[in-house]
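# Per-entry structural report
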Amino acid sequence: AQSVSQHNHHVILSEAASLELGCNYSYGGTVNLFWYVQYPGQHLQLLLKYFSGDPLVKGIKGFEAEFIKSKFSFNLRKPSVQWSDTAEYFCAVGGTNAGKSTFGDGTTLTVKP
Amino acid sequence: GAGVSQSPSNKVTEKGKDVELRCDPISGHTALYWYRQSLGQGLEFLIYFQGNSAPDKSGLPSDRFSAERTGGSVSTLTIQRTQQEDSAVYLCASSLGTSGAITDTQYFGPGTRLTVL
């Protein structure tokens, strides 16, 4: 069975600080990995995804994530956060079972101006 | 363009009543998903449709939960004899459905907040 673990429940940073949100997954087969974000009052939307190729994936708004197969990880990074990055971030894994994605519990990021 | 819409946005019901939640996916999206998000929790997968068929119903928590999709478009999630533990935000998403939807980006609706008293 698929599972996703997000280690940090709530992260508080000052503007311009660097960000890394942890995501580890458990799945025995080929995985597809996603980060979704939910800004206050908005819908969940895709930040970035990985399914093949370069393990360093770049997404919107300066975010990137690196797939490290040996560590079963897909951590989200941003070199310098902004106040507008305040949101809830969800890591998700989809396997070869079409349609079924497993989401982590989410990490709430608060960026102080 | 129009995104995924859900109705109602909020639903308050009494324990034991049935409720229906509706999802209108993005036009042309063949794949549709239902999730449940309880307070402080991640998204719990409920069911996935490809067209009108549901190849994966494994996430439905009990036989009180059912879902259907008609015309490859609108979907309804029905909860019978609601219980207090059913209180949550129910999210719908849709995607293009190509390649079996395995690598699809899912587009989410605003959710329906269900409160069971």
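Below is a summary of the structure that appears in this document.

So, on to the overall build of chain B. Looking only at helices and strands, chain B features zero helices and eleven strands. Listing each helix as α and each strand as β along chain B from the N terminus yields β-β-β-β-β-β-β-β-β-β-β. Whereas a compact globule of 117 residues would reach a radius of gyration of roughly 13 Å, chain B reaches 13 Å, a difference of no more than 12%. If one aligns the C-alpha atoms of chain B with their principal axes, the spans along those axes are about 40 × 30 × 30 Å. Looking at the 117 residues of chain B, the share that counts as buried comes to 48%. Total accessible area on chain B is roughly 5,300 Å²; 46% of this is exposed by carbon and sulfur atoms.

Contacts between the two partners involve 21 residues from chain A and, on the opposite side, 23 residues from chain B. In total, about 1,700 Å² of surface goes out of reach between chain A and chain B, with carbon and sulfur atoms giving 55% of it. Applying the counting rule to chain A against chain B returns zero salt bridges. Across the chain A-chain B interface, the total number found is five residue pairs in polar contact (both at pLDDT 80 or more). Mapped onto the side of chain A that touches chain B, the elements with two or more residues apiece are β5 (32-38), β6 (44-50) and β11 (101-103) of chain A.

A full pass over the atoms with the stated rule returns 13 aromatic pairs over all chains. On the numbers, 5.6 Å between centres and 45 degrees between planes, the contact of phenylalanine 63 of chain A with tyrosine 89 of chain A is tilted. Of this pair, phenylalanine 63 of chain A sits in the loop between β7 (56-58) and β8 (64-68) while tyrosine 89 of chain A sits in strand β10 (residues 87-94), placing them 26 residues apart in sequence. As far as burial versus exposure is concerned, phenylalanine 63 of chain A and tyrosine 89 of chain A are alike and both buried. Aromatic ring contacts, followed pair by pair, group Phe34, Tyr36 and Phe103 of chain A together with Tyr33, Tyr35, Phe45, Tyr48 and Phe108 of chain B into a single cluster.

All names here are of chain B. The antiparallel open sheet is built from four strands, whose spatial order is β1-β3-β8-β7. Every interior strand has two partners, whereas the edge strands, β1 (5-7) and β7 (65-69), have only one. For this sheet, the mean inter-axis angle between neighbouring strands, taken without regard to orientation, is 15 degrees.

Side chains on a regular strand alternate between the two faces of the sheet. All names here are of chain A. Side chains Val11 and Leu13 project from strand β2 (residues 10-14) onto a buried face, and the interleaved His10, Ile12 and Ser14 project onto a face without burial. Inspection of the sheet shows β2 paired to strand β12 (residues 107-112) by five bridges, in the parallel sense. Looking at β12, one finds that isoleucine 12 is bridged to threonine 110.

The next subject is the environment of threonine 110 of chain A. All names here are of chain A. Assignment of secondary structure puts threonine 110 in strand β12. As for threonine 110 and lysine 71, which are separated by 39 residues in sequence, their C-alpha atoms are 27 Å apart. With residues up to four places along the chain from it excluded, the contact list for threonine 110 reads His10, Val11, Ile12, Leu13 and Thr86.

Once that is clear, we can look at unusual backbone geometry. For the bond running from serine 7 of chain B to proline 8 of chain B, omega is -10 degrees, close enough to zero to count as cis. Checked against the element boundaries, proline 8 of chain B lands in the loop between β1 and β2 (10-13). With phi around 50 degrees, phenylalanine 72 of chain A is a residue other than glycine that occupies positive phi space. If you trace the backbone, phenylalanine 72 of chain A turns up in the loop between β8 and β9 (73-78).

Thresholds applied
- Residues numbered from 1 in each chain as written.
- Chains lettered and ligands numbered in written order.
- Predicted model: local features only at pLDDT ≥ 70, side-chain atom pairs only at ≥ 80, totals over all residues.
- Heavy atoms only, no water.
- Helix = DSSP H or I, 4+ residues; strand = E, 2+ residues; numbered from the N terminus.
- Rg over C-alpha atoms; globule rule 2.2 N^0.38 Å.
- Buried < 20%, exposed > 50% of the residue type's maximum accessible area, 1.4 Å probe, protein only.
- Areas by Shrake-Rupley, 256 points an atom, 1.4 Å probe, with all protein chains shown as cover.
- Contact = heavy atoms within 4.5 Å.
- Buried area = accessible area lost by both parts, 1.4 Å probe.
- Salt bridge = Lys/Arg side-chain N within 4 Å of Asp/Glu carboxyl O.
- Polar contact = N/O pair within 3.5 Å; in protein donor to acceptor, adjacent residues only side chain to side chain.
- Phe/Tyr/Trp six-rings, centres within 6.5 Å; stacked < 30°, edge-to-face > 60°.
- Pairing = 2+ DSSP bridges.
- Axes fitted to C-alpha atoms, helices over the stretch in contact; angles between N-to-C directions.

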